[in-house]
Amino acid sequence: MAHYVTSPCVDVKDQSCMQVCPVECIYDLGRNAVIARDECIDCGACVPACPVDAIVHELALTPLTRPFAEANAARWPS
Amino acid sequence: MSVRPGADDPRPGPRVAVVGSGPAGCYVCHHLLRRAPGSAVDVYDALPTPFGLLRYGVAPDNPAMKSVGTSLERILGDERVRFFGDVRIGIDVTLDDLLSRYHAVVLATGAETSRRQPIRGDELAGSHGAAEVVRWYQGHPDSAVRPDLRRHTAAVVIGGGNVSVDISRILLTSPEHLSRTDVPDDVLHDMRRSRIRRVHLVARSDLSHLRATLPEIAHLADRPDLAVTLHGDQDSRDDATPVASVVRDLSRRARPHAPYHLAIHVNQVVRAIRGHHAVQAVELASTMDPDNAGPVVELAAGLVVQAIGHVAEPPADDRLRSRDGRIPNVQGQVLDTAGAPIPGLFVAGWAKRGATGVIGTNLRCAAETVATLLDRLDQPLAPRREVDPPKPYVDWAGWRRIDRYEIRQGVRREAPRVKQRSRQQLRALAGNTDDLSEPQSTTDMRSPHDHSIRA
């Protein structure tokens, strides 16, 4: 499992998540951040750190949020 | 680096003592060395081994989380950092000693004491606090309790947070699975003989207010040998959180042949623990029935664990008292019992915030404490005399010897390592390379430590 960045991050990219990630697996993808799925350890520290609630655990993805989340994650090589 | 007692230290930056080498203490080092590269940091730990709750808190079946150890190791392995393991502040060294030898002292001592609620029957054998049980299965050197897993097929774990879920899940893990984790041999021995197949997790809150996090619940979803059921619950239309819907989905998953069963009871409190000398059952009452008018639900069980939170205990010092489970502070500056700042004394991690938040939370928490610390330093820095550790301690090279030994012991179990429990053995492994060759009968599954732990 892993955590995903969803669309509210776009053009906000606050980057607080990067300051709390203990394995530094959150990267800058231009207009928004991305979590490297194969590096994420699922600690969840980034979830409350995000001011726009953009980071979501895989099990909390909805039909509305999943398409962006998966497409975004796929843009990062793993 | 060797210690030169009495000599003035020639290094230019602040000399800082960090008490506690868990994630919070390590992240204090990390930020200090980044913001003040000339710093010299001495990290003290009451245990012979570093990493605190990463080693003794993160559940053994969560190897991904344990991988944070790689980055913590890099921090403590920095040449500007020294490790003094097996040194207790307030006992072996006083806090005043530290304050006089360093420009600043940071307490990163965590929150180690289990909260206990007065429940009728709590004094019965088989009733434990969470920390006791966690210390047992984590192989903590100071573990004083060895839970009896053979008395009954069911156990009750009170609390709806991550620790409660961890304890429940570990009690319901097969010895085959556990043998591939880092648990000590004596734990594996006990789990092979455990009769526990069902754990009742009893939470006061409703499903949408469980304190457990989604990643924690996700670990339950990863277990095909575990059936989950839900009791005392509200209407599913009231589910307001991802945790609530995932737990409900789990409970709808048909697992008729699963050997292990986790029963999650929400909106319930344990009203009494019953038994003669030892736990035999608990009585549940609904939180929605304050007058106890409804029928009493009774669960048979041989083990009860209270996992309802932890509180910080500061090192022995007249000026320090914990309040609301943490050491009173403003942005990491420690306050005395009268509310005045104690010069040079800071706090980070659970000791600062209370027992809440995950490993990464400590990164930002430590950054705040380090900013406060650097802001309060008197410039120019007064010279400080070198510390004089009071007894043999475990240094970084000693930990590396323990580390290599434990990793080698893991090979026979296909485990990342096998933790060694006893303080004596950890000391021997750290200090005496001659003792490295099989100090005790390690191929024997009956643990050499069996006799040192009170049953």
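1. Description of the environment of glycine 30 of chain A
Consideration 1: Take glycine 30 of chain A: it is sitting in the loop between β2 (26-28) and β3 (33-35).
Consideration 2: The spatial distance from the C-alpha of glycine 30 of chain A to the C-alpha of valine 56 of chain A is 19 Å, given a sequence separation of 26 residues.

2. Re a positive patch on the surface
Consideration 1: Residues Arg150, Arg192, Arg193 and Arg195 of chain B make up a contiguous surface patch of positive charge.
Consideration 2: Look at arginine 150 of chain B and you get partly exposed, because its relative accessible area is 48%.

3. Some words on helix α10 (residues 214-221) of chain B
Consideration 1: Extensive coverage of α10 of chain B is indicated by the burial of six of its eight residues.
Consideration 2: Looking at α10 of chain B, one finds that the buried residues are Leu214, Pro215, Glu216, Ile217, Ala218 and Leu220 of chain B.
Consideration 3: Elements in contact with the buried residues of α10 of chain B: β1 (3-5) and β4 (55-57) of chain A together with α7 (162-171), β9 (226-231), α11 (242-252) and β10 (260-265) of chain B.

4. Remarks on the sheet that holds strand β12 (residues 281-286) of chain B
Residue and element names in this part refer to chain B.
Consideration 1: Spatial ordering of the open sheet is given by β11-β12-β13, a layout of three strands whose pairing is antiparallel. Single-partner strands in this sheet number two, and they are β11 (268-274) and β13 (297-300). Across the sheet, the mean angle from the axis of one strand to that of its neighbour is 30 degrees, orientation sign disregarded.
Consideration 2: Bridging between β11 and β12 involves six bridges; their strand directions are antiparallel.

5. Describing the interface of chain B and chain A
Consideration 1: Opposite the 19 residues of chain B that make contact, chain A presents 17 residues.
Consideration 2: Between chain B and chain A, roughly 1,300 Å² of surface is buried when both sides are summed, and carbon and sulfur atoms account for 71% of that area.
Consideration 3: For the interface between chain B and chain A, the tally reads zero salt bridges.
Consideration 4: Applying the counting criterion to the chain B and chain A interface returns one residue pair in polar contact (both at pLDDT 80 or more).
Consideration 5: Considering each element in turn, the side of chain B that touches chain A owes the most residues, four residues, to α10 of chain B.
Consideration 6: Considered class by class, the residues forming the side of chain B that touches chain A number 13 nonpolar, four polar and two charged.

6. Here we look at the pairing of strand β4 (residues 104-107) of chain B
Residue and element names in this part refer to chain B.
Consideration 1: Alternating residues of β4 divide into Ala104 and Val106 and Val105 and Leu107, and every residue in both groups is buried.
Consideration 2: Pairing of β4 with strand β18 (residues 341-347) involves three bridges; the strand directions are parallel. Each bridged residue has a counterpart across the sheet, and for leucine 107 the counterpart in β18 is valine 347.

7. Details of the sheet that holds strand β1 (residues 15-19) of chain B
Residues and elements named next belong to chain B.
Consideration 1: Strand order in the open sheet formed by seven strands is β3-β2-β1-β4-β18-β17-β16, and the pairing between neighbours is mixed. Strand pairing shows two members of the sheet lacking a second neighbour, β3 (81-85) and β16 (329-330), which therefore form its edges.
Consideration 2: This element, helix α13 (residues 361-376), spans β1, β4, β16, β17 (333-335) and β18 of the sheet and lies at about 150 degrees to β18.

8. Quick look at the nonpolar core
As a rule of thumb, soluble globular proteins bury nonpolar side chains together.
Residue and element names in this part refer to chain B.
Consideration 1: Within the largest apolar cluster, 61 residues are counted, with the highest numbers of intra-cluster contacts made by Val18 and Leu373.
Consideration 2: Apart from the residues within four sequence positions on either side, valine 18 is in contact with Gly25, Val28, Cys29, Val41, Asp42, Val43, Tyr44, Val106 and Ala108.
Consideration 3: Core analysis: the second largest hydrophobic core is formed by 50 residues, Leu172, Leu207, Ala212 and Leu214 among them.

Thresholds, definitions, all that
Residues numbered from 1 in each chain as written. Chains lettered and ligands numbered in written order. Predicted model: local features only at pLDDT ≥ 70, side-chain atom pairs only at ≥ 80, totals over all residues. Heavy atoms only, no water. Helix = DSSP H or I, 4+ residues; strand = E, 2+ residues; numbered from the N terminus. Patch = residues over 30% accessible without salt bridge, like charges linked within 9 Å, V, L, I, M, F, W, Y side chains within 5 Å. Areas by Shrake-Rupley, 256 points an atom, 1.4 Å probe, with all protein chains shown as cover. Salt bridge = Lys/Arg side-chain N within 4 Å of Asp/Glu carboxyl O. Lys, Arg positive; Asp, Glu negative; His and termini not counted. Charge placed at Lys NZ, Arg CZ, Asp CG, Glu CD. Buried < 20%, exposed > 50% of the residue type's maximum accessible area, 1.4 Å probe, protein only. Contact = heavy atoms within 4.5 Å. Pairing = 2+ DSSP bridges. Axes fitted to C-alpha atoms, helices over the stretch in contact; angles between N-to-C directions. Buried area = accessible area lost by both parts, 1.4 Å probe. Polar contact = N/O pair within 3.5 Å; in protein donor to acceptor, adjacent residues only side chain to side chain. Nonpolar A, V, L, I, M, F, W, Y, C, P; charged D, E, K, R; others polar. Core = buried A, V, L, I, M, F, W, Y, C linked by side-chain atoms within 4.5 Å.

In short, geometric facts, not functional conclusions.
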